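An overview of the molecular structure
In case you want the letters, here they are:
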Amino acid sequence: MTATDTRRPRTSPASPEPRPEKTKRVISFSHKLSRWDLKLSPYLYISPFFILFAIVGLFPIAFTAVISFQQWDLVRNSGTFVGFDQYIWILSQPQFWTALRNTFSIFLLSSVPQMFLAIFIAAMLDRNIRAKTFWRMSVLLPFVMAPVAVALIFSNMFGDNHGLVNNILTSIGLNPIPWHKDPFWSHIAIATMVNFRWTGYNALILLAAMQAVPREYYEAATVDGANAFRQFWSITLPSLKPTLIFVIITSTIGGLQIFDEPRMFDNTGKGGAAQQWLTITLYLYNIGWGEFNFGRAAALAWILFLIIIVIGLINLFITRRLVRDEGGRGEIAPRRRKGLQR
């Protein structure tokens, strides 16, 4: 018997089918333009701010830094390089340290009471009172007023001889206060002007933060028997920490740059006969436009800038820690609410 071969015959491998050629996609100019618009339009929208900031912000800062190392001649619009001599001269002047002490004194006397008053006013406006819109607009009116007008009004009120405050004190049998002679009382008067202008503005910022606190927290606290003060201390204040730090930072920057109030506190604008209320910015103005020494004025401006940067970094460090605590508290809050619902 012959064996038959049951194996299948080998066939030659089929040749691969040719792939269809890719058609080149033609992108029209309008489509390219729309893609460019999608990518570039966000940067174009925000570019006016950065362009304006570079012109009126960065360039003056850089140019002031250049002038601070020179003996600048305003007539020739040129200067001679002197290195750190201008900074050494500023730091060796007793008036600088007097101005620095007065600046921090006025800042503390204005910012600390201002924070307490702003929190109190914001808490009152957050309650169910009549004519809320009227009172909220009223607290903002001092901020709208011109600083020069406020300074002129209060400088007359705190006059030594015929001021309104001293007239009231003498009418009730008290001795008049030397507002323009004693350093402490002059700082109190200037701090009062600052508080009058900025307390309402800070109160509205804190009021916006208070209204963002969920109301179920207060409802749960009411069910637990907490009174209004306990709710404010345990719920409102912890929720205001980031906003409070923001207000403190802005108040610090504004307090260190105070100029209008001490400038208009008397007729001369020199900070008092014995520099009782001389501030850094007022001292800078006297050097620049009183002595026409713009090199020293630029050096003083940069010293003030560095002081503000240092204090700002300290506030930033404190802010980060407080905001981190705020985030952790937000994770615990839902568990507490579940426990209350049970």
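Here's what I pulled together on the structure shown here. Everything quoted here is computed from the prediction, not taken from an experiment. (Residues numbered from 1 in each chain as written. Predicted model: local features only at pLDDT ≥ 70, side-chain atom pairs only at ≥ 80, totals over all residues. Heavy atoms only, no water.)

**With respect to the overall build of the protein chain**
Scanning the protein chain for helices and strands turns up 14 helices and 2 strands. A buried classification covers 32% of the 342 residues belonging to the protein chain. In the protein chain, the share of contacts with a sequence separation of at least 24, taken over all contacts with a separation of at least 6, comes to 67%. Total accessible area on the protein chain stands at roughly 23,200 Å², and carbon and sulfur atoms take up 65% of it. (Helix = DSSP H or I, 4+ residues; strand = E, 2+ residues; numbered from the N terminus. Buried < 20%, exposed > 50% of the residue type's maximum accessible area, 1.4 Å probe, protein only. Contact = heavy atoms within 4.5 Å. Areas by Shrake-Rupley, 256 points an atom, 1.4 Å probe, with all protein chains shown as cover.)

**Overview of helix α9 (residues 215-223)**
Here α9 has its buried residues at Tyr 218, Ala 220 and Ala 221. The buried residues of α9 occupy an angular sector of 160 degrees when the element is viewed end-on, so they sit on one face. Counted as exposed and oriented over 90 degrees from the buried face of α9: Glu 219 and Val 223. Count one or two residues on from α9 and you reach Gly 225, which has phi positive near 95 degrees. (Arc of directions from axis to C-beta.)

**Focus: helix α11 (residues 241-256)**
The first and last C-alpha atoms of α11 sit 22 Å apart over 16 residues, in line with the 22 Å expected at 1.5 Å per residue. Those residues of α11 lying buried are Thr 243, Leu 244, Ile 245, Val 247, Ser 251, Thr 252, Gly 255 and Leu 256. (Expected span 1.5 Å × (residues − 1).)

**So, the side chain of Ser 155**
Checked against the element boundaries, Ser 155 lands in helix α6 (residues 147-157). Note on Ser 155: relative accessible area 11%, which makes it buried. Among all residues touching Ser 155, those that are not within four sequence positions of it are His 180, Met 193, Met 264 and Phe 265.

**Focus: the packing of aromatic side chains**
Counted by the stated rule, this structure contains 24 aromatic pairs. An aromatic cluster of three or more residues is present, and its members are Phe 154, Phe 158, Trp 179, Phe 184, Trp 185 and Phe 196. One cation-aromatic arrangement involves Arg 296 over Trp 89; the distance from NZ or CZ to the ring centre is 3.8 Å. (Phe/Tyr/Trp six-rings, centres within 6.5 Å; stacked < 30°, edge-to-face > 60°. Lys NZ or Arg CZ within 6 Å of the ring centre and 35° of its normal.)

**Details of the pattern of salt bridges**
Taken as a whole, this structure holds 1 salt bridge when the rule is applied. The salt bridge involving Arg 215 is made with Asp 126; its shortest N-O contact spans 3.2 Å. Residue Arg 215 is located in helix α9, and its partner Asp 126 is located in the loop between α3 (94-125) and α4 (132-138); the two are separated by 89 residues in the primary sequence. The class of Asp 126 is buried, set by a relative accessible area of 18%. (Salt bridge = Lys/Arg side-chain N within 4 Å of Asp/Glu carboxyl O.)

**Digging into a nonpolar patch on the surface**
Where nonpolar side chains cluster on the molecular surface, the patch consists of Leu 33, Trp 36, Leu 40, Tyr 43, Leu 44, Tyr 45, Ile 46, Phe 49, Phe 50, Phe 53 and Leu 58 and spans about 1,300 Å² of accessible area. Mapped onto the elements of the fold, Leu 44 is located in helix α1 (residues 29-67). Judged by relative accessible area, Leu 44 falls into the exposed class, the value being 57%. (Patch = residues over 30% accessible without salt bridge, like charges linked within 9 Å, V, L, I, M, F, W, Y side chains within 5 Å.)

**Some points on the environment of Pro 183**
As for its placement among the helices and strands, Pro 183 is situated in helix α8 (residues 183-211). Overall, the relative accessible area of 39% leaves Pro 183 in the partly exposed class. Considered as a pair, Pro 183 and Gly 272 are 89 residues apart in the sequence and their alpha carbons are 9.2 Å apart.

**Concerning the side chain of Thr 279**
Here Thr 279 shows up in the loop between α12 (260-263) and α13 (280-290). Of the residues examined, Thr 279 reaches a relative accessible area of 0% and is grouped as buried. Within the structure, the side chain of Thr 279 is placed 3.5 Å from the side chain of Thr 281, a separation counted as a polar contact. (Polar contact = N/O pair within 3.5 Å; in protein donor to acceptor, adjacent residues only side chain to side chain.)

**As for the pairing of strand β1 (residues 70-73)**
Burial along β1 is one-sided: the face carrying Gln 70 and Trp 72 is buried and the face carrying Gln 71 and Asp 73 is not. In this sheet, strand β2 (residues 78-81) lies alongside β1 in antiparallel orientation, the contact comprising 4 bridges. From the neighbouring strand, Asp 73 faces β2, where its bridge partner is Ser 78. (Pairing = 2+ DSSP bridges.)

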